[in-house]
Amino acid sequence: MTTTQVSAPAPRIAGWLLAPLAWLLMTLLSSSIAVAIYLMMLISPESHRLMSAQGPKMVIFWYTSIACAIAMWGYTVWLTIAFFKRRKNVVRHYILWLLLSVLLAIKAFAFSPVSDDLALRQLMFPLLAAALLVPYLKRSQRVKQTFINP
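Position numbers for residues count from 1 along each chain, tracking the sequence in the order it is written. In view of the model being predicted, local features appear only for residues whose pLDDT reaches at least 70, and side-chain atom pairs are presented and counted only at 80 or more, with totals across whole chains, interfaces and linings using the full set of residues. Excluding hydrogens and water, the side-chain figures rest on all heavy atoms present in the structure.

Draft legend 1. Highlighting the overall build of the chain. Scanning the chain from terminus to terminus reveals six helices and zero strands. Helix and strand labels come from DSSP, where a helix needs a run of H or I of at least four residues and a strand needs a run of E of at least two; each type is numbered from the N terminus. Reading the secondary structure of the chain in the N-to-C direction produces α-α-α-α-α-α. Scaling as 2.2 N^0.38, a compact globule of 150 residues should have a C-alpha radius of gyration of about 15 Å, whereas the chain reaches 20 Å, well beyond that. Buried positions account for 30% of the 150 residues belonging to the chain. We call two residues in contact when some of their heavy atoms are within 4.5 Å. Long-range pairs, those at least 24 residues apart, make up 72% of the contacts in the chain with a sequence separation of at least 6. Here the radius of gyration uses the C-alpha set of atoms, whereas the globule reference equals 2.2 Å times the residue count to the power 0.38. Think of it in three bands: residues with accessible area under 20% of the maximum for their type are buried, residues over 50% are exposed, and the middle band is partly exposed, with areas taken using a 1.4 Å probe on protein chains only.

Here you go:
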């Protein structure tokens, strides 16, 4: 007679895991708005005329920003779905996603024509999120028990 071992289901997404989920959903919302704004600018002939008046270098920067925003939005959507499905690779990708968020904030700080105060405020949130969430995701037993699906 054989016995089958029934494994316990993975714990729900609750407790402190709601903080990384909230950060992910908030970023998904803000990046969706940013992509929508970029797409509205992309279909506007007036914005093309204004960009081309500033030179080809500005047009390249603009299209690079659009490509980065769309890529980050897509990665955020994929990571959100994987988070809810509790995939094994969520922790690794979440940390990579936080690193990309910090790198994009540094890019905005270095290359955007905004005041330093505003750029530092925009850089502070991804840095703070990475500083708080990465140690939790790496060391928490609940995280290790929750994200177990292939």
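After presenting the structure, the write-up continues.
Draft legend 2. Molecular detail of the packing of aromatic side chains. Aromatic pairs are defined between Phe, Tyr and Trp rings, using the six-membered ring for Trp, whenever the two ring centres lie within 6.5 Å; interplanar angles under 30 degrees are classed as stacked, those over 60 as edge-to-face, and all others as tilted. Taken as a whole and judged by the stated rule, the model has five aromatic pairs. For the ring pair Tyr75 and Trp78, a centre distance of 6.0 Å and an interplane angle of 5° mean the geometry is stacked. Here the residue Tyr75 and the residue Trp78 both occupy positions in helix 3 (residues 56-85), the gap between them amounting to three residues, near one helical turn. For Tyr75, a relative accessible area of 17% translates into the label buried. We classify Trp78 as partly exposed; its relative accessible area is 36%.

Draft legend 3. Representation of the UniProt feature "transmembrane region" (unreviewed entry) in the chain within the structure. Per the UniProt record, the feature "transmembrane region" (unreviewed entry) sits at residues 21-40, 60-82, 94-112 and 118-137. Between the end C-alpha atoms of residues 94-112 there is a gap of 26 Å, over a span that is 95% helix and 0% strand. Secondary structure content for residues 118-137 is 100% helix and 0% strand, and the end C-alpha separation is 29 Å. UniProt positions are given in the numbering used here, feature names are shortened, and annotations may be inferred rather than shown by experiment.

Draft legend 4. Summary view of the packing of helix 1 (residues 18-43) against helix 4 (residues 90-111). Note on geometry: axes are lines fitted to C-alpha atoms, helical ones only across the stretch in contact, with angles between N-to-C directions running from 0 to 180 degrees. Look at helix 1 against helix 4: their axes get within 12 Å of each other, and the N-to-C directions meet at 50°. Our classification of the angle between helix 1 and helix 4 gives oblique. Of the two elements, helix 1 crosses helix 4, and the hand of that crossing is left-handed. From helix 1, Pro20, Trp23, Leu24 and Thr27 reach across to helix 4, where they touch Tyr94, Trp97 and Leu98. Amino acids outside the nonpolar list (Ala, Val, Leu, Ile, Met, Phe, Trp, Tyr, Cys, Pro) and the charged list (Asp, Glu, Lys, Arg) are all regarded as polar, and Gly is one of them. Of the residues assigned to the contact of helix 1 with helix 4, the class counts are six nonpolar, one polar and no charged. Throughout this description, any angle smaller than 35 degrees is read as roughly parallel, any larger than 145 degrees as roughly antiparallel, any in the 65 to 115 degree range as roughly perpendicular, and the remainder as oblique. Helix crossings fall into two classes, left-handed where the near helix is turned counterclockwise from the far one by less than a right angle and right-handed where it is turned clockwise.

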